[in-house]
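Each chain, written out:
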Amino acid sequence: MPGFQCFNSAGNFQIDGVFKNYVLDRVIEVVVVSEALQGFPTSVRVGRTPINPGEIVAIRSAYPSAVASVSDGKLEVHQGRENVPNNAIVTCYFFAPISTSNATSGLQVFHEVSGDLLFCASKKPIRVVRVVDGHGDFSLDVTRTYATVLINQYYRLITGGFTQNNQGTKTIQAERSMVIPLSTGLRIETTVEIFGAAFNGAPGERQPEQASSTSVGVAKHLIIDVTGYA
């Protein structure tokens, strides 16, 4: 006989007596600034903030934004190059498995065997709306506020080299899938993040070269509802 289980009106399973719920841990506004790209007369737009092991982060910004990396306890977010002001903000929603609560009323669910806290009505849970693949415009409830969790990052790096006026030149272009809110929902688009060229300082003829590296063929994002969470 199963223990406590909870389903919503659509019949979707939500809470039980075994699995911990992810709940809102904190909301951080990360300032994104231009950072020089070594060896190129161009820059990337970067923001960084600490992240704890096991956390899930969802992001939202008025400008095209993406999670670029999570490593060494640090989250790095990037923004697009075009029409984005310096010191723009990316709002980061950090969710973690529930561990404690000082609530004195409301529903609480504990593990059937260990007694660990699994759910507390005083905590804000992660509210999953849908998973979307690829790029495009996704229609959502216009009365709600949404953020996205990165599942698969589309990223394409193109580098090239050629000789011009007896001078070696190196080129680079990077494309990344980024998310931006729309009045009707969310847009996930491929944005040129880096574009530039630099002299290598090595004269002499050399053959044209080009390398293209793509992380995944299709971007994948989890859309969550963060209405009232910040």
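The following refers to the structure shown.

Parameters at a glance
- The residue count restarts for each chain, going from 1 along the sequence in the order it is written.
- Two thresholds apply to this predicted model, a pLDDT of at least 70 for residue-level local features and 80 or more for giving and counting side-chain atom pairs, whereas whole-chain, interface and lining totals are computed over all residues.
- Side-chain numbers here rest on the full set of heavy atoms in the structure, without hydrogens or water.
- Going along the chain from the N terminus, every DSSP run of H or I of four or more residues is numbered as a helix, and every run of E of two or more is numbered as a strand.
- Pairs of residues are marked as contacts when any of their non-hydrogen atoms sit within 4.5 Å.
- Think of it this way: a Phe, Tyr or Trp ring, Trp meaning its six-membered ring, pairs with another when their centres are within 6.5 Å, and the plane angle makes it stacked under 30 degrees, edge-to-face over 60, tilted otherwise.
- Only protein chains enter the accessibility calculation, which uses a 1.4 Å probe. A residue is then buried if its area is under 20% of the maximum for its type, exposed if over 50%, and partly exposed in between.
- Geometrically, a lysine NZ or arginine CZ counts as sitting over a ring once it is within 6 Å of the ring centre and also within 35 degrees of the ring normal.
- Patch membership requires more than 30% relative accessible area and the absence of a salt bridge. Residues of like charge join within 9 Å; the nonpolar side chains Val, Leu, Ile, Met, Phe, Trp and Tyr join within 5 Å.
- The method behind every accessible area is Shrake-Rupley, applied with a 1.4 Å probe, and residues are considered shielded solely by the protein chains displayed.
- When a carboxyl oxygen of Asp or Glu lies within 4 Å of a side-chain nitrogen of Lys or Arg, that pair is called a salt bridge.

Some words on the overall build of the chain
Okay, step 1: Of the regular secondary structure elements, the chain holds zero helices and 18 strands.
Okay, step 2: Put simply, 69% of the contacts in the chain that link residues at least 6 apart link residues at least 24 apart.

Topic: the packing of aromatic side chains
Each aromatic ring pair is characterised by the separation of its centres together with the angle its planes make.
Okay, step 1: Enumeration over the complete set of coordinates arrives at one aromatic pair.
Okay, step 2: Note on Phe95 and Tyr229: the rings are 6.3 Å apart at their centroids and 45 degrees apart in plane angle, and the pair reads as tilted. Of this pair, Phe95 sits in strand E8 (residues 88–97) while Tyr229 sits in the segment after strand E18 (220–225); the two residues are 134 residues apart in sequence, bridging distant segments of the chain.
Okay, step 3: For Phe95, a relative accessible area of 0% corresponds to the buried category.
Okay, step 4: Judged by relative accessible area, which is 6%, Tyr229 ranks as buried.
Okay, step 5: Lying over the aromatic face of Phe94, Arg26 brings its terminal NZ or CZ to 4.0 Å of the ring centre.

Some details on a nonpolar patch on the surface
Okay, step 1: Nonpolar side chains collect at one region of the surface, where Val31, Val33 and Ile89 lie side by side and expose about 190 Å² of accessible area between them.
Okay, step 2: Residue placement: Ile89 occurs in strand E8.
Okay, step 3: A relative accessible area of 31% places Ile89 in the partly exposed class.

Focus on the pattern of salt bridges
Where charged atoms of side chains with opposite charge meet at close range, the side chains can pair.
Okay, step 1: Applying the stated rule across the entire model yields nine salt bridges.
Okay, step 2: The closest approach of N and O atoms between Arg48 and Glu35, which form a salt bridge, is 3.0 Å. Remark: Glu35 occurs in strand E3 (residues 22–36) and Arg48 occurs in strand E4 (residues 43–50); sequence separation between them is 13 residues.
Okay, step 3: Arg127 is the partner of Asp225 in a salt bridge, and the nearest nitrogen-oxygen pair spans 3.4 Å. Note that Asp225 is positioned in strand E18 and Arg127 in the loop between strand E10 (117–120) and strand E11 (128–133), a separation of 98 residues in sequence.
Okay, step 4: Since its relative accessible area comes to 28%, Arg127 is described here as partly exposed.
Okay, step 5: A cluster of three or more residues bridged by salt bridges with shared partners is formed by Asp25, Arg26 and Glu55.

Details of the environment of Thr100
Okay, step 1: By the element assignment, Thr100 lies in the loop between E8 and strand E9 (108–110).
Okay, step 2: Assessed through its relative accessible area of 56%, Thr100 is described here as exposed.
Okay, step 3: As a C-alpha pair, Thr100 and Leu117 span 17 residues in sequence and 6.7 Å in three-dimensional space.

Purely spatial values, then, with no claim about function.
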